[in-house]
Every structure is written in structure tokens, then in C-alpha cells.
Amino acid sequence: MNAGRILIVFGTSYGQTAKIARRIGAVLTDLGFDVTVVDAAQPHAVPSLESFDGIVVGASIIARGHQKSVAQFIHANMGVLNRVPSAFFSVSASAGSKDPAGRVAAERVRDEFLASTWWRPHLRESIAGAINYTRYNALLRWYMKRASRKAGGSTDTSRDHEYTDWAQVERFAADMAGIVEPFAVSGLSVPRLG
Ligand SMILES: Cc1cc2nc3c(=O)[nH]c(=O)nc-3n(C[C@H](O)[C@H](O)[C@H](O)COP(=O)(O)O)c2cc1C
């Protein structure tokens, strides 16, 4: 059964947001949706948005901001994004912080990013990412080790550390399915919050 078509567009600097986007895609595919996952950094690969019943956008926080390619995608497609069921997820180290203030800070960066656009997604999520020491150069490894120590994360630079809560990711995907399916079946719009 085809429950509707969903586009997932992601921005990533070190791969974790791509991995999360693909997991969201896998959950939605299992739920009967026809899913397309694309990297915002390859705009020529982004298909026409008009044929989708729902759109999920994800980006990671790098130096307190999200990827420019994702901001550009949102600005270029504001009309469609505000018309169909939509969701945004923000991936960061602080989202997985043991300190509640760190988690609040991650939500603030996410919300300020959205507020800088006219897009009001139905769902917004803050998801813990990964510290991929093996992908960083020596200077960045040193810097991230310091940042990680402060945030209570691992300082073992000999390997990568994944903090993503996959149950949270799967819940988020299922919540998106819940708002897209009635829209895809009836064309009825879904109220937006915030
Ligand atoms: C250079 C650099 C800067 C980062 N800046 C932040 C930041 O400002 N706030 C934060 O919470 N996490 C920060 N992080 C952690 C990333 O958000 C985390 O590693 C995330 O999983 C990256 O996702 P990606 O692999 O999809 O790019 C930073 C990571 C790197 C490597």
C-alpha cells in the first residue's frame, strides 16, 4: 500500500545527519510510504516538491549554526513547505548533553534557525549526534576533545562515539507518518503549532 510520498532533505558535515535521515526514511518506508532521501548540498538531485505529501528536513549544528545548503533549500521552497505536512530535525552534540542547559541550548539554536525563516513545520526535534574523532584532523580532534570533556562526552579520540537515541528517531518518523497519511488520503490540511 502507498500511504503517500515523503521527501527527506538533509544537510550534513560529518555524516551523522545523513545516517539519521536514512533511518527516518527506512521507518517511513516500512510504514508504506514512498520515500526519497536527498542531500541538500546536491540541489540538482532534489526533485520537484509538488508531488510530495510530506517533507522532512534535517541539519546538524556546526559552530552554533546549521548548514547553509539547508537554509537555502528552505528559503527556495517556503511556499510548499508551509502547505504540506512538514518536520524539521536538528542534530547536535548538545542535544545529548547530560546537562539540561546543554539540551535547552540545542533547542534554542534549532528554534532560532527556524525563526530566521518563514517556515513553520508541524514537528521539530532536537536529536543527539555523534563525535566522529576519526574523521577530524588533529586540530579539530583536540578542539572536540576539549568541548566533549566540558559536555561530559567521551574523550577517547581513538574511535567515534555515537550518542543518537534511535528510539527517539523512530518515534519522530512515526509521528511524521501520523500527520502525513490523513493529508495524503484526504488532502485535508493539518493545523500548525507555533
Ligand atoms: C567543527 C564542529 C563544530 C561543532 N559545533 C557544535 C555546536 O556548536 N553545538 C553543538 O551542539 N554541537 C556541535 N558539534 C557537534 C555536531 O553537531 C555533531 O558532531 C553532529 O553529529 C554532526 O552531525 P553531522 O555529522 O551530520 O554533521 C560540532 C562538531 C564539529 C565537528
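Small disclaimer: the values here were computed from a predicted structure and weren't measured.

In total, this model carries five aromatic pairs according to the counting rule given. Ring centres of Tyr14 and Tyr136 lie 5.2 Å apart, and the angle between their planes is 85 degrees; this geometry places the pair in the edge-to-face category. With Tyr14 in the loop between β1 (5-10) and α1 (16-30) and Tyr136 in the loop between β7 (130-131) and α5 (138-151), this pair connects stretches of sequence that are 122 residues apart. On the accessibility criterion, Tyr14 (31% relative accessible area) is partly exposed. A residue is classified by how much of its surface remains accessible, and Tyr136, at 8% relative accessible area, is buried. Put simply, the rings of Tyr14, Tyr133 and Tyr136 touch in pairs and so form one group of aromatic residues. A cation over an aromatic ring shows up here: Arg5 above the ring of Phe52, its NZ or CZ 4.4 Å from the ring centre. Above the plane of the ring of Trp166 lies Arg23, whose end atom (NZ or CZ) is 4.4 Å from the centre.

Another aspect to go through is unusual backbone geometry. Positive phi, close to 50 degrees, is recorded for Ala63, a residue that is not glycine. For Ala63, the position within the fold is in the loop between β3 (54-62) and β4 (65-66). Even without glycine at this site, Arg64 takes up a positive phi of about 65 degrees. Relative to the assigned elements, Arg64 resides in the loop between β3 and β4. For Arg64, a relative accessible area of 75% corresponds to the exposed category.

The next thing to look at is the nonpolar core. Formed by 26 residues in total, the largest nonpolar core has its most connected members in Ile8, Ile20, Ile24, Leu28, Phe33, Val56 and Phe89. Looking at this core, the elements with two or more residues in it are β1, α1, β5 (86-92), β6 (123-128) and α6 (166-186). The dominant element in this core, judged by the number of residues it contributes, is α6, at eight residues. Ignoring sequence-local partners within four residues, the contact set of Leu28 consists of Ile6, Ile8, Phe33, Val35, Ala173 and Ala177. Counting 23 residues, the second-largest nonpolar core is a separate cluster that includes Leu7, Ala40, Phe73 and Trp119.

Rules of the game
Residues numbered from 1 in each chain as written. Predicted model: local features only at pLDDT ≥ 70, side-chain atom pairs only at ≥ 80, totals over all residues. Heavy atoms only, no water. Phe/Tyr/Trp six-rings, centres within 6.5 Å; stacked < 30°, edge-to-face > 60°. Helix = DSSP H or I, 4+ residues; strand = E, 2+ residues; numbered from the N terminus. Buried < 20%, exposed > 50% of the residue type's maximum accessible area, 1.4 Å probe, protein only. Lys NZ or Arg CZ within 6 Å of the ring centre and 35° of its normal. Core = buried A, V, L, I, M, F, W, Y, C linked by side-chain atoms within 4.5 Å. Contact = heavy atoms within 4.5 Å.

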